[in-house]
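Structural overview for review
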Amino acid sequence: MFRLLFIILFLNSLLFCEDEKLPSSFLKDLDGKKINITELNNTVMAISFWFLACEPCKKEMKYLDMFNSKYGKYGFKVVSINTDNSRTLNRVKPYIKSKKYSFQVLSDPKSLFFRKLGGQQCPYLVLVDEDGNIINKHIGYSPGDEINLEKEIVHLISDTIKSDSTLTDSSIIKLISSNVLENSQIDDGKSIQKLEIE
């Protein structure tokens, strides 16, 4: 009985809570130019927080770069936010340059924006839709996490992908044409998954 009550309360909170919005915040890019993060949010966006000594962050960044390149033309982008403090910040730009990442990198040396979004450990990824609604938050990275992240990205931009008559990338076609989008356990914040009651 207690379990059923908990599930009902949980579903009720999902139905009646307002969407969490991406808060406005000014961050600097690696050249020192101030940028309002909400001005970047005109597409589906993955905001990834990381620091140089974080090896899982670096592993995740490889996939984020791939997704940024692969899905950029469909209205998706990655914004990478480095949280290194002022002592190690001078090593960030050379590292990014050496990797030739395709995404934009901003700096949050006091981790103010990171904490504002609920971050406690890195890597920390926040998925935001084109309206600025926070869709999902991912804490940490383990090999294989990129598979579910890609499914979430494709789910959010699927209408744009489906309208592309020049689509030839077999991996995208496979994600779209299979029932991955319909059968996966991706919650877009507007639908509620079936819960089994034992």
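Description of the structure in this document. Nothing here was measured: the structure is a model prediction, and the numbers come from that model. (Residues numbered from 1 in each chain as written. Predicted model: local features only at pLDDT ≥ 70, side-chain atom pairs only at ≥ 80, totals over all residues. Heavy atoms only, no water.)

**Observations regarding the overall build of the protein**
Looking only at helices and strands, the protein has seven helices and seven strands in total. The order of α-helices and β-strands along the protein, N terminus first, is α-β-β-β-α-β-α-β-α-β-β-α-α-α. Here the protein, with 198 residues, has 42% of them falling under the buried criterion. Counted over contacts in the protein with a minimum sequence separation of 6, partners at least 24 positions apart contribute 70%. With the model as given, the accessible surface of the protein reaches about 11,800 Å², and the carbon-plus-sulfur share is 53%. (Helix = DSSP H or I, 4+ residues; strand = E, 2+ residues; numbered from the N terminus. Buried < 20%, exposed > 50% of the residue type's maximum accessible area, 1.4 Å probe, protein only. Contact = heavy atoms within 4.5 Å. Areas by Shrake-Rupley, 256 points an atom, 1.4 Å probe, with all protein chains shown as cover.)

**What to know about the pairing of strand β4 (residues 76-82)**
β4 sits mainly inside the fold: six of its seven residues count as buried. Where strand β3 (residues 44-50) and β4 come together, seven bridges link them in parallel fashion. Pairing of Val-44 across the sheet is with Phe-76, part of β4. The β-α-β motif built from β3, the intervening helix α2 (residues 55-71) and the parallel element β4 has right-handed crossover chirality. Bridge count for β4 against strand β5 (residues 104-107) is four bridges, and the pairing is parallel. Opposite Val-79, over in β5, you have Gln-104 as the bridge partner. As for the winding sense of the linkage, the β-α-β connection from β4 through helix α3 (residues 92-99) to β5 is right-handed. (Pairing = 2+ DSSP bridges. Right-handed = clockwise from strand over helix to strand, strands pointing away.)

**What to know about the nonpolar core**
Counting residues in each nonpolar core, the largest one holds 48 residues, and the members touching the most others are Ile-37, Ile-47, Phe-49, Trp-50, Tyr-71, Phe-76 and Ile-81. Top contributing element to this core by residue count: β3, with six residues. Not counting residues up to four positions away in its chain, the partners in contact with Tyr-71 are Phe-76, Glu-150, Ile-153, Val-154, Ile-157, Ile-161, Ile-172 and Leu-175. (Core = buried A, V, L, I, M, F, W, Y, C linked by side-chain atoms within 4.5 Å.)

**A few points about the packing of helix α5 (residues 145-162) against helix α6 (residues 170-177)**
The angle between the axes and the distance between the axes are what describe a pair of packed helices. At a minimum axis separation of 10 Å, α5 and α6 run at an interaxial angle of 90°. Classified by the angle their axes make, α5 and α6 are roughly perpendicular. Mapping the contact onto sequence places Glu-150, Lys-151, Val-154, Ser-158, Ile-161 and Lys-162 in α5 and Ile-172, Leu-175 and Ile-176 in α6. Looking at the contact of α5 with α6 residue by residue, the classes come out as five nonpolar, one polar and three charged. (Axes fitted to C-alpha atoms, helices over the stretch in contact; angles between N-to-C directions. Parallel < 35°, antiparallel > 145°, perpendicular 65-115°, else oblique. Nonpolar A, V, L, I, M, F, W, Y, C, P; charged D, E, K, R; others polar.)

**A word on the sheet that holds strand β6 (residues 124-128)**
The strand order β2-β1-β5-β4-β3-β6-β7 describes an open sheet built from seven strands, whose pairing is mixed. The open sheet has two edge strands with one neighbour each: β2 (34-36) and β7 (134-139). Ignoring strand direction, the axes of neighbouring strands in this sheet form an average angle of 30°.

**Brief notes about the pairing of β7**
Looking down a regular strand, the side chains alternate between one sheet face and the other. Note: β6 against β7, five bridges, orientation antiparallel. Bridge pairing in β7 links Val-128 to Ile-134. Between the end of β6 and the start of β7, which pair antiparallel, lie five residues, with Gly-132 showing a positive phi angle near 85°.

**Things to note about the environment of Phe-51**
When you line up the elements, Phe-51 lands in the loop between β3 and α2. Between the C-alpha atom of Phe-51 and that of Val-92, which follows or precedes it by 41 residues, the distance is 8.4 Å. Those residues in contact with Phe-51 that lie beyond four places of it in its chain are Cys-57, Asn-82, Thr-83, Asp-84 and Cys-122.

**Considering the environment of Asp-29**
Relative to the helices and strands, Asp-29 is located in strand β1 (residues 26-29). The sequence separation of Asp-29 and Asp-108 amounts to 79 residues, and the corresponding C-alpha distance is 9.3 Å. When near neighbours in sequence (up to four residues on either side) are disregarded, Asp-29 contacts Ile-35, Val-105 and Leu-106. Separated by 2.9 Å, the side chain of Asp-29 and the backbone nitrogen of Lys-33 make a polar contact. (Polar contact = N/O pair within 3.5 Å; in protein donor to acceptor, adjacent residues only side chain to side chain.)

Structural measurements only, silent on function.
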